[in-house]
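This is what each chain is made of:
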Amino acid sequence: MSHTSPASTDLQSPRGLDGLGSTFADAVPELALPWTAAEAPTPRLLALNETLAGDLGLDPAELRTDAGLGLLVGTRLPAGAKPVAQGYAGHQFGGFAPRLGDGRALLLGELHDRHGRRRDLHLKGSGRTPWARGGDGLAAVGPMLREYVVSEALHHLGVPTTRALAVTATGAMVRREVPLPGAVLARVASSHLRVGSFQYARALDQASDQQPDEPGGDVARRLADHAIARHYPELASIGSDDERYLAFYRSVVSAQAALVARWMLVGFVHGVMNTDNVTISGETIDYGPCAFLDVFDPTAVFSSIDEGGRYAFGNQPPITEWNLARLAEALLPLLHEQQEQAVELAVEALGGFREQYAEAWSTGMRAKLGITHVDAEVGDALVDDLFGLIRGQADYTSYFRALGRAARGNLSDARDRVLDVAGFDAWATRWSSLQPDADAMDRVNPIYIARNHLVEEALTDATAGDLTAFERLNDALARPFDERAGFERYAEPAPDSFGPYTTYCGT
Ligand code: AMP
Ligand code: MG
């Protein structure tokens, strides 16, 4: 591979960035390949998240300068920065790929936000790395703006996620089915540690077990210590190693159970829940073929490559559990010296997933129906029956707003949207008798989500050079619960003409 062009270090880079940290690369150098970004011929800022920049202690005006743009594409880094491409493995659609890693991404380093929290500053689309395999290392404007708009939408909905700091057009074209303008996404995360990072670490340890001359042997342990320090520091004081690592595993199980429940409550379909796209922090990561439900349908799939429906909307909780079982396998030697006992401990810990998921989902659904004061059993039965009524018929997001109006006495809208009117009336009588709180419903049921047809419209225009629709959509999504004049069309379901929606990943 002939990638050279060392990034220049630049004392003029934006304030707040001197002393980018490298605790990840220091803790597990085996997973951190020093690398530099490809040159971007004529960087031009397409989107800058000024609020997030402020939270990170960065000055948006400085990010707009040449030095700032150089940072956002990775070619002008603050002194001492040590960018790395991260190594990880992953189960992709159920099959194990031992060597994935950042094929087109770089971790620039770590910084502290205004709350003192450590954050990764990371680029996507910054050129080929040694992990690139057949890929070109690049990204097109459309998919990077998609990640920007959808990840920010999830953030404003209260769903844990990586954040989008900026999208910068590089000035180069990338070859896809047609030539497309290239871009680099700068994103921020509490870390980029994934289940796949542990799978990769475990494989390194296994190799060194077989060849004792090989370095390593404790990569998974160092990675776990690093992950605990970053995400679950309260566990660091647990004296016994076995107990500490088991508690760590339990924490990841809990974080992922909470996350997937949030996705299910807002109707989000991630689309490519491979283990390399499952974080240890419990943040949503990697927005490829993602989409929001229009009509409620547990079998909904939007990804062009998910032919078997493995990552269909309704499969997301069991797939998360499956992915967590893969994490357990990678952690086994840390849980107990005897494999059999380690497996027993892991199975027991993973057993908590279903209960925690069910609890988070049930609580969230009762909030959506304005009946948090009601027992889970009563709430769950109402939810099941409601889903039976709207499945395949009603737009998921707007239906809950219609129910908000129903809670205020205007039942017709919710009633008109289902075929089984008698069934609806019987359901509404039961629900109304519980005195749902309409205002509370409107605080948790979004009116504006990143609807697929709106995202497509914004990305098509942006690719052609017009960012108006993209910016307007971001505005709508920044306050998803407040109905605002002028944003009516952002609340509307897709027109019938929009018809079966497919998204493509890895682009
Ligand atoms: P994803 O499923 O999109 O998260 O990506 C899976 C793997 O493919 C990761 O290792 C990525 O770094 C790699 N990859 C995706 N697109 C490209 C590309 N254009 N060039 C190089 N590597 C890529
Ligand atoms: Mg990925």
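For the structure, check the block above.
What counts and what doesn't
Residues numbered from 1 in each chain as written. Chains lettered and ligands numbered in written order. Predicted model: local features only at pLDDT ≥ 70, side-chain atom pairs only at ≥ 80, totals over all residues. Heavy atoms only, no water. Buried < 20%, exposed > 50% of the residue type's maximum accessible area, 1.4 Å probe, protein only. Helix = DSSP H or I, 4+ residues; strand = E, 2+ residues; numbered from the N terminus. Pairing = 2+ DSSP bridges. Donors = N, O, S within 2.8 Å, 3.2 Å for Na, K, Ca; no water. 1 Å grid on protein atoms, 1.4 Å probe; cavity = no way out; pocket = protein on both sides within 12 Å on 5 of 7 lines; lining within 4 Å. Points joined across faces, edges and corners; volume = space filled by probe spheres on them.

Draft legend 1. The pairing of strand 11 (residues 179-189), seen in detail. Across the eleven residues of strand 11, eight count as buried, placing the element largely inside the fold. As judged from the five bridges shared by strand 9 (residues 118-124) and strand 11, these two strands associate in the antiparallel manner. Among the inter-strand pairings, Leu-121 is bridged to a residue of strand 11, identified as Val-188. Bridge count between strand 10 (residues 163-175) and strand 11: nine bridges; the pairing is antiparallel. Looking at strand 11, one finds that Val-174 is bridged to Leu-180.

Draft legend 2. Quick peek at the coordination of the magnesium ion (ligand 2). Taken together, Asn-277 (OD1) and Asp-286 (OD) make up the protein donors of the magnesium ion (ligand 2), found 1.8 to 2.2 Å from the metal. Here Asn-277 and Asp-286 have matching classes, each one buried.

Draft legend 3. Inspection of empty space enclosed by the protein at higher detail. A complete count under the given rule lists four cavities of 30 Å³ or more for this structure. Taken as a whole, the largest cavity encloses approximately 60 Å³ of empty space. As for the largest cavity, its lining consists of Gln-256, Leu-259, Trp-263, His-270, Met-273, Asn-277, Val-278, Thr-279, Glu-283, Thr-284, Ile-285 and Thr-320. Ranked by residues supplied to the lining of the largest cavity, first place goes to helix 8 (residues 241-266) with three residues.

Draft legend 4. Seen up close, the pairing of strand 9. Counting buried positions along strand 9 yields six of seven residues, so the element is predominantly enclosed. Direction of pairing for strand 8 (residues 105-112) relative to strand 9: antiparallel, over a ladder of seven bridges. Pairing of Ala-105 across the sheet is with Lys-124, part of strand 9.

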